Amino acid sequence: MPDVRAWYGLFDPTGTKMKITSAEFVRSAFDRKHWITDGRPEIAFLGRSNVGKSSLLNSLLGRRGLARTSNTPGRTQSINYFLINDEFYFVDLPGYGYAKVSKSMRSEWGTMAREYLSGQTAVALMVQLVDSRHEPTELDRQLNDWLIVNQRDHIVVATKSDKLSSNMLTTQLAAKRKLLSESKVLPFSSSNAKGRDEVWTEIERALKKT
Ligand code: GTP
Ligand code: MG
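Computed from a predicted model, the values in this text were never measured in an experiment.

Visitor: Looking at this model, I keep getting lost on the packing of helix 2 (residues 53-61) against helix 6 (residues 196-208). Mind explaining?
Guide: Two measures define how a pair of helices packs: the angle their axes make with one another and the distance between the axes. For the pair helix 2 and helix 6, interaxial distance at closest approach is 10 Å and the crossing angle is 90°. If you check the angle between helix 2 and helix 6, you find them roughly perpendicular. Along the contact surface, helix 2 presents Ser59, Leu60 and Leu61, while helix 6 presents Arg196, Val199, Trp200 and Ile203. The residue inventory of the contact of helix 2 with helix 6, partitioned by class, reads 5 nonpolar, 1 polar and 1 charged.

Structure representation (structure tokens):
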């Protein structure tokens, strides 16, 4: 007889189909030498500084403080690897477009991210985050163009959906789907976890292909 707790998903802290048995921080990489290249597939989180990358990652895993989040943009400055179920990595990348960091730091971001994007071959899915409240920035559009032109498997996650009324969210999503017309755009909130299952479905789909 199945355990009744299983019917309510109580074994799974995220409440999603993907059962997280382990999630651990493995390494921060500041340059190519320190990338992980053990062949396990990677799910990469990319987007403007402060858009909610680390929060999305924590929410997907049901682990509140695993990736550090902050009100201060520019919190994540290295490429951070988290090993999930001993099977695949979540990779939290530094945010782009934060005007207040120094020029040299900005160009360092550019170099590091560009190298990772074009050089890392084990990425099963690129998750591009945009703020659901705002029009995608120039850098958001450049990154999206790059993903399309290079035919990288990716999704766009529109974060902080809890900050919009449902009418406004519908309007904003329609605008994003029009602008980023070749990408799948999914709304998400790490405050109420709405959209988490849909994001997991895409991650699982991409992992199955590896
Ligand atoms: P960097 O590491 O600086 O690039 O930022 P990040 O993209 O990792 O953003 P982070 O997850 O640290 O979130 C930035 C701020 O936005 C924090 O104060 C979060 O609590 C807040 N935040 C993130 N996601 C959401 C969301 O879905 N809803 C709300 N209301 N706030 C959010
Ligand atoms: Mg971060």
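Back to the write-up after that little detour.
Visitor: Would you explain the pairing of strand 5 (residues 123-131) in this entry?
Guide: Residues in a regular strand point their side chains to alternate faces of the sheet. For strand 5, the buried fraction is high: 9 of the 9 residues fall into the buried class. Sheet topology note: the strand 2 (residues 42-47)/strand 5 ladder contains 6 bridges and is parallel. Among the inter-strand pairings, Gly47 is bridged to a residue of strand 5, identified as Leu129. Relative to strand 6 (residues 154-159), strand 5 runs parallel, the two sharing 6 bridges. From the neighbouring strand, Asp131 faces strand 6, where its bridge partner is Thr159. Traced from strand 5 through helix 4 (residues 138-149) to strand 6, the parallel crossover comes out right-handed.

Visitor: Can you help me understand the pattern of salt bridges in this one?
Guide: Between side chains of opposite charge, pairing is possible as soon as their charged atoms come close. All chains considered together, the criterion is met by 9 salt bridges. A salt bridge links Asp131 to Arg48, with the shortest nitrogen-to-oxygen separation between them at 3.6 Å. Taken together, the residues Asp131 in strand 5 and Arg48 in the loop between strand 2 and helix 2 connect sequence positions 83 residues apart. Residue class for Asp131 comes out buried when judged on its relative accessible area of 4%. Given a relative accessible area of 22%, Arg48 falls into the partly exposed group. In this structure, Glu202 engages Arg205 in a salt bridge whose closest nitrogen and oxygen atoms are separated by 2.9 Å. With Glu202 and Arg205 both in helix 6, this residue pair falls 3 residues apart, about one helical turn. Looking at Arg205, the relative accessible area reads 31%, which means it is partly exposed. Three or more residues are tied together by salt bridges with common partners; here these are Asp153, Lys184, Glu202, Arg205 and Lys209.

About the thresholds
- Residues numbered from 1 in each chain as written.
- Chains lettered and ligands numbered in written order.
- Predicted model: local features only at pLDDT ≥ 70, side-chain atom pairs only at ≥ 80, totals over all residues.
- Heavy atoms only, no water.
- Axes fitted to C-alpha atoms, helices over the stretch in contact; angles between N-to-C directions.
- Helix = DSSP H or I, 4+ residues; strand = E, 2+ residues; numbered from the N terminus.
- Parallel < 35°, antiparallel > 145°, perpendicular 65-115°, else oblique.
- Contact = heavy atoms within 4.5 Å.
- Nonpolar A, V, L, I, M, F, W, Y, C, P; charged D, E, K, R; others polar.
- Buried < 20%, exposed > 50% of the residue type's maximum accessible area, 1.4 Å probe, protein only.
- Pairing = 2+ DSSP bridges.
- Right-handed = clockwise from strand over helix to strand, strands pointing away.
- Salt bridge = Lys/Arg side-chain N within 4 Å of Asp/Glu carboxyl O.

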